[in-house]
Protein chains: 2
Amino acid sequence: MMRARLLEATLDCLVERGFAGTSTTLVSERAGVSRGAQLHHFPTKNDLVVAAVEHLTERRGAELAAAAATLPDGPRRTRAVVQMLGDHFASPVFDAALELWVAARSDEHLLAAVGPLEQRVGRETHRLTVELLGADESVPGVREMVQATLDLVRGLGLANTISDDTRRRRRILDTWADTLDTVLKGTTR
Amino acid sequence: MMRARLLEATLDCLVERGFAGTSTTLVSERAGVSRGAQLHHFPTKNDLVVAAVEHLTERRGAELAAAAATLPDGPRRTRAVVQMLGDHFASPVFDAALELWVAARSDEHLLAAVGPLEQRVGRETHRLTVELLGADESVPGVREMVQATLDLVRGLGLANTISDDTRRRRRILDTWADTLDTVLKGTTR
DNA sequence: CAACAAACAGTCAAGCCTGACTTTTTGTTG
DNA sequence: CAACAAAAAGTCAGGCTTGACTGTTTGTTG
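Read on for an overview of the structure. (Residues numbered from 1 in each chain as written. Chains lettered and ligands numbered in written order. Predicted model: local features only at pLDDT ≥ 70, side-chain atom pairs only at ≥ 80, totals over all residues. Heavy atoms only, no water.)

## What about the protein's contact with DNA strand C?
- Near DNA strand C there are 15 residues, and of these A:His40, A:His41, B:Thr24, B:Thr25 and B:Arg35 occur at the shortest range.
- Here B:Thr24 contributes a backbone N or O atom positioned 2.8 Å from a phosphate oxygen of DNA strand C.
- Between a phosphate oxygen of DNA strand C and a main-chain N or O atom of B:Lys45, the distance comes to 3.1 Å.
- Of all the elements in the fold, those that place two or more residues in the surface near DNA strand C are helix H3 (35–41) of chain A together with helix H2 (24–31) and helix H3 (35–41) of chain B. (Near = heavy atom within 4 Å. Polar contact = N/O pair within 3.5 Å; in protein donor to acceptor, adjacent residues only side chain to side chain. Helix = DSSP H or I, 4+ residues; strand = E, 2+ residues; numbered from the N terminus.)

## Description of the protein's contact with DNA strand D
- The full set close to DNA strand D counts 16 residues, and A:Thr24, A:Arg35, B:Gly36, B:His40 and B:His41 are the nearest of them.
- A share of 57% of the atoms of DNA strand D within 4 Å of the protein falls on sugar and phosphate groups.
- Take A:Lys45: an N or O atom from its main chain is 3.3 Å from a phosphate oxygen of DNA strand D.
- Contacts to DNA strand D include B:His41, whose side-chain N or O atom sits 2.8 Å from a phosphate oxygen.

## What to know about the environment of B:Glu8
- Secondary-structure assignment places B:Glu8 in helix H1 (residues 2–17).
- Sequence spacing of B:Glu8 and B:Arg30 is 22 residues, and the spatial spacing of their C-alpha atoms is 9.4 Å.

## Description of the layout of surface pockets
- The calculated volume of the largest pocket comes to roughly 930 Å³.
- Lining the largest pocket are 34 residues, with A:Glu118, A:Gln119, A:Val121, A:Gly122 and A:Arg123 positioned closest to its centre.
- Residue contributions to the lining of the largest pocket peak at 12 residues, all from helix H7 (residues 108–133) of chain A.
- Among the residues forming the lining of the largest pocket, the class breakdown is 13 nonpolar, 10 polar and 11 charged.
- Each pocket or cavity is described by its volume, and for the second largest pocket that value is around 720 Å³.
- In terms of lining, the second largest pocket is formed by 26 residues, of which the most central are A:Arg168, B:Glu118, B:Gln119, B:Gly122 and B:Arg123.
- Sorting the residues of the lining of the second largest pocket by element identifies helix H8 (142–162) of chain A together with helix H6 (92–105), helix H7 (108–133) and helix H8 (142–162) of chain B as the ones contributing at least two each.
- Ranked by residues supplied to the lining of the second largest pocket, first place goes to H7(B) with eight residues.
- In terms of residue class, the lining of the second largest pocket is made up of 10 nonpolar, seven polar and nine charged. (1 Å grid on protein atoms, 1.4 Å probe; cavity = no way out; pocket = protein on both sides within 12 Å on 5 of 7 lines; lining within 4 Å. Points joined across faces, edges and corners; volume = space filled by probe spheres on them. Nonpolar A, V, L, I, M, F, W, Y, C, P; charged D, E, K, R; others polar.)

Structure below.
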């Protein structure tokens, strides 16, 4: 319970203040957990943050699964799938992940933990996307287009961190969904 | 001259150690500039870093222009343009920009300087891309696909910061170029 | 119920970063 | 060439963060 509170507080700080602005003292205060208790569960800041990555991953999965359940069938499905991914990569969840991503870039310990984890999450997200789109990856080029879709929403998510970009994202993803449908044609439904 | 050395040192630190790991002391040492001299040119860390953004922008422009001059004509041009953009967004230049981008997310002063600047650079990059591709933006969907291309390479650049992603990027962008050509068909050349 | 271990709480010193302050050098103008 | 202003150099104190240390509560087992 203490553990969970600490992890949530860490993620909140990450979103609000960034990695550097997230001090262990601040986290313990936010979580309403004493400094000693915190140090008991997570001896160092890195331990704390790495654990937060794990926790975040679970939330990522849960959020995507929940959103996926509400998707419509029929000709508008591709568009809905793509918009769902776009929204997900524009949420605070992405902000927190981005902070970790960038922090790990120049911290080998963090990288050792975040790298493999993010790779795993990436594969899982890819699998889910293929499933939601009903794409046939045995067709040449289809796999690359699915990957491109995920990298595209990642790029859109990045753009969204600085200024609200929702309208532009909607337009771009609508157009992309049409293109994607053309490429996948004959393999979906 | 001192100014330029400070800016270059700042960018080097940014790439190697990230925003938080870039201390003003470290920068002055690297640049071979005394602390007082540094404080004369840039009173605060923010001033230093904001100026570095400006400087980076110029380098960005110069690098892109240089690369653009070597592009081939003919049917392979789209592929070459897209790969060029992909390489550019996977270079240290992007790493430095990413650090600033993320740091600005949770620092309003930095955001006030980086936001408008990055918007300007974005527009300029868009304009250049349209020109290089010979795209006709009056055709519906074309503008969105050009934007999508830029957001895609941004996403690929982000993925590349953690682990070297060159092979995957090549494959994805090759496929993307084919799709892009189909959409632009009749409007190019 | 007593004893022991684990979780929790609070305090604090060492280290680092930033930016202010003082002194020295360089260069320009009358 | 003298005087003055601008640039550069060096020093340093204040503030913040981290993680180590010590004391207290809770809970479990014999």
